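# Chains, contacts and geometry: an overview
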Amino acid sequence: MQLGMIGLGRMGGNIVRRLMANGHECVVYDQSIAQVGALAEHGAIGTSSLEALVGELATPRAIWVMLPAGTVTEEVVQHLGALLDPGDILIDGGNSFWKDDVRRAKELAEKGIRYVDVGTSGGVWGKDRGYCMMIGGTKDAVQHLDPILATLAPGIGTIERTRRPAGADPRPEQGYLHCGPSGSGHFVKMVHNGIEYGLMQAFAEGFDIMRHADSPLLPEEHRFSLDLPDIAEVWRRGSVVSSWLLDLTAMALAEDPALDGFEGSVADSGEGRWTINAAIEEAVPADVLSAALYVRFRSRQQNTFAEKLLSAMRHKFGGHVETPKD
């Protein structure tokens, strides 16, 4: 299948590589000529403008926008809305705010353009591991994109299969799901990232407690000098808290047990705030997720070993670099 990709950063470029490795044709554009050229060398069709990208695609076109949420994505979506034809599909695979998706889908539908929001999880590892995708949009648009989505998804792999009702949608156990109408994909991804904040915070605080188990504040007979990399490793094997986040934690601690390579200033990319706002609007208590978000705010003023571990996890799964303190 043919796909246009706009934005060739850490995830956009790897999405293109995974698709091309599995026989799909990709037409690409990025403001970075070097990024376009690098993918063109591996078989992508490089373009120098949005107009050129649209012109290279057969109808009905499918164009995936993989850019930072906010103004840059909004401008590209509006620009494409003036270039595309009825029946074309415009995909936002970044971390846009779900209410923006609802608005964009309505505006584009008036022109006959189908809009699909894809919450995409997998970070810098997705090219090899695949991407977990949460999708919002019309049934016909999502169905048209299924060859692309199925290729990007991780597949069942070695994970033990859950006993599911007969006739259940087979896509979730492949790693992608049509969540509902426009906006629902990014809504589910938003909550996913809010939960991610809480899980990361729990690991960070727990390891910080163990790191200080030999504190001089404790009676000498109550002190322990614990090997954090080994603890992370043993928990990976059969523990209730085993997870990919723990895998990345073990990797980070093995490479740098004191985490001297991290300052501990932890950014929040928006989804955590939006999750808390959704909880407020729904009158749903979200104690843990709220606390995890506020820790990230505090980390930009003062930080501990726990915040260093948060930074290390973010770097491992998403390639995120620490931001300077406010």
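Above this note sits the structure.
Because the structure is a prediction, the values reported are computed rather than measured.

### Points about the sheet that holds strand β6 (residues 114-121)
One open sheet accounts for 8 strands, arranged β3-β2-β1-β4-β5-β6-β7-β8; its pairing is mixed. Each having just a single partner strand, β3 (45-46) and β8 (176-180) make up the two edges of the open sheet. Pairing analysis gives 4 bridges linking strand β7 (residues 132-136) to β8, with the strands arranged parallel. By the bridge assignment, I135 is partnered in β8 with H178.

### With respect to the side chain of R296
Residue placement: R296 occurs in helix α13 (residues 287-299). No salt bridge is formed by the buried R296; the nearest opposite charge belongs to E196, separated by 5.3 Å. In this structure, R296 is in contact with Y197, M200, V266, A267, D268 and R314, ignoring residues within four places of it in sequence.

### Description of helix α12 (residues 271-282)
Helix length check: α12 (12 residues) gives 16 Å between terminal C-alpha atoms against 16 Å at 1.5 Å per residue, within 8%. Taken together, the buried positions of α12 are E271, G272, T275, I276, A278 and A279. Mapping the buried residues of α12 onto a view down its axis gives an arc of 155 degrees, with all of them on the same face. Away from its buried face, by an angle of more than 90 degrees, α12 presents the exposed residues I280 and E281.

Thresholds, definitions, all that
Residues numbered from 1 in each chain as written. Predicted model: local features only at pLDDT ≥ 70, side-chain atom pairs only at ≥ 80, totals over all residues. Heavy atoms only, no water. Pairing = 2+ DSSP bridges. Helix = DSSP H or I, 4+ residues; strand = E, 2+ residues; numbered from the N terminus. Buried < 20%, exposed > 50% of the residue type's maximum accessible area, 1.4 Å probe, protein only. Lys, Arg positive; Asp, Glu negative; His and termini not counted. Salt bridge = Lys/Arg side-chain N within 4 Å of Asp/Glu carboxyl O. Contact = heavy atoms within 4.5 Å. Expected span 1.5 Å × (residues − 1). Arc of directions from axis to C-beta.

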